[in-house]
Amino acid sequence: MKTAKTWKISLALIVVGTIVWLGGINIRGMVGFDLLQVGTLDFKPNIHPFVERAVFGLIAQSSMVIYVAYVFIWVSGIVFLKTSPFRLKENGWLMVTAIIFYLFTPVEIYSMVLDLKMWYLDHLGSNDLVEFRKLLIHRLAALSGVPMIALLSYYTAIVIATIQPMKKQLS
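The text that follows walks through the structure, step by step, so that each part is easy to find. Treat the numbers as computed from the prediction; the structure is a model and nothing was measured.

## Notes on the nonpolar core
- Ranked by internal contacts, the top residues of the largest apolar core, which has 23 residues, are Trp21, Leu22, Ile25, Tyr70, Phe101 and Tyr154.
- Contributing elements (two or more residues each) for this core: helix 1 (2–33), helix 2 (49–83), helix 3 (92–103), helix 4 (105–123) and helix 6 (146–163).
- The biggest single contributor to this core is helix 2, with 6 residues.
- Aside from chain neighbours lying at most four places away, what touches tyrosine 154 is Trp21, Leu22, Ile100, Phe101, Phe104 and Glu108.

Here is the structure:
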């Protein structure tokens, strides 16, 4: 009885955390790319320094919300996999979504480190825009696009979890 309640609560936490996490990633991306010229990693020349500094602050703050949600989902996912009645052998969709999510953990940790540096720079570091710019470009160019592949994979995992293919039918 307690296990049934636990997996349902952890599933609800996964859903809410995923909405916050992926929504935050999209909003942070829109805010961050607003500083750059379209299709390049070059900064727009006509942005006022105060506006640019405010945008870097928004990116740093949103990153913390995003990664708290990510850790929340990560732990809730483990609890869900341990306590749910769904077995990975019988539910291929669950196995695929779990693999997709946990496979990109090293990518998320590396991105987290870069975002923590930006947060540290925002709160305790200098106000030098050159440092923020270097950090943002390094964050966007990090791992040669693997974070974008991870994001697309997360959306694929949501589709797979919704459609639930590879589900073993009981006879």
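## Overview of the side chain of serine 63
- Position of serine 63 among the secondary structure elements: in helix 2.
- One polar contact links the side chain of serine 63 to the main-chain carbonyl oxygen of isoleucine 59, over a distance of 2.8 Å.
- Those residues in contact with serine 63 that lie beyond four places of it in its chain are Arg28 and Asp115.

## Topic: the packing of aromatic side chains
- All told, the structure shown has 14 aromatic pairs when counted by the stated rule.
- Relative to tryptophan 93, the ring of phenylalanine 86 has its centre 6.0 Å away and its plane inclined at 70°; by these criteria the two rings are edge-to-face.
- For tryptophan 93, a relative accessible area of 7% translates into the label buried.
- Taken together, a centroid distance of 6.0 Å and an interplanar angle of 80° make the contact between phenylalanine 104 and tyrosine 154 edge-to-face. A residue pair is termed long-range when its members are at least 10 positions apart, and phenylalanine 104 in the loop between helix 3 and helix 4 and tyrosine 154 in helix 6 qualify at 50 residues.
- For tyrosine 154, a relative accessible area of 4% corresponds to the buried category.
- Taken together, the aromatic side chains of Trp21, Tyr70, Trp74, Phe101, Tyr102, Phe104 and Tyr154 make up a single cluster linked through ring pairs.

## Quick notes on the pattern of salt bridges
- In the structure shown here, the tally under the stated rule is 4 salt bridges.
- For arginine 28, the salt bridge identified is with aspartate 115, shortest N-O distance 3.0 Å. On the criterion of sequence distance, the pair formed by arginine 28 in helix 1 and aspartate 115 in helix 4 is long-range, its members being 87 residues apart.
- Among the ionic contacts, a cluster of salt bridges with common partners joins Arg28, Asp115 and Arg139.

## A closer look at a nonpolar patch on the surface
- Residues Val71, Trp74, Val75 and Ile78 make up a contiguous nonpolar surface patch of about 310 Å² in total accessible area.
- Within the secondary structure, tryptophan 74 sits in helix 2.
- The partly exposed category is assigned to tryptophan 74, whose relative accessible area is 33%.

## Some thoughts on the side chain of arginine 28
- Judged by relative accessible area, which is 12%, arginine 28 ranks as buried.
- Within polar-contact distance, the side chain of arginine 28 engages the side chain of serine 63 at 3.1 Å.
- If we ignore the near neighbours within four places in the chain, the residues touching arginine 28 are Ile59, Ser62, Ser63, Ile66, Tyr67, Asp115 and Arg139.

## Description of helix 3
- Look at helix 3: 16 Å from first C-alpha to last across 12 residues, which is about the 16 Å you get at 1.5 Å a residue.
- Looking only at helix 3, the buried set comprises Gly92, Trp93, Leu94, Thr97, Ala98, Ile100 and Phe101.

## Digging into helix 4
- Helix length check: helix 4 (19 residues) gives 26 Å between terminal C-alpha atoms against 27 Å at 1.5 Å per residue, within 8%.
- Where helix 4 is concerned, the buried positions are Thr105, Val107, Glu108, Ser111, Met112, Leu114, Asp115, Met118, Leu121 and Asp122.

The rules behind each value
- Residues numbered from 1 in each chain as written.
- Predicted model: local features only at pLDDT ≥ 70, side-chain atom pairs only at ≥ 80, totals over all residues.
- Heavy atoms only, no water.
- Core = buried A, V, L, I, M, F, W, Y, C linked by side-chain atoms within 4.5 Å.
- Buried < 20%, exposed > 50% of the residue type's maximum accessible area, 1.4 Å probe, protein only.
- Helix = DSSP H or I, 4+ residues; strand = E, 2+ residues; numbered from the N terminus.
- Contact = heavy atoms within 4.5 Å.
- Polar contact = N/O pair within 3.5 Å; in protein donor to acceptor, adjacent residues only side chain to side chain.
- Phe/Tyr/Trp six-rings, centres within 6.5 Å; stacked < 30°, edge-to-face > 60°.
- Salt bridge = Lys/Arg side-chain N within 4 Å of Asp/Glu carboxyl O.
- Patch = residues over 30% accessible without salt bridge, like charges linked within 9 Å, V, L, I, M, F, W, Y side chains within 5 Å.
- Areas by Shrake-Rupley, 256 points an atom, 1.4 Å probe, with all protein chains shown as cover.
- Expected span 1.5 Å × (residues − 1).

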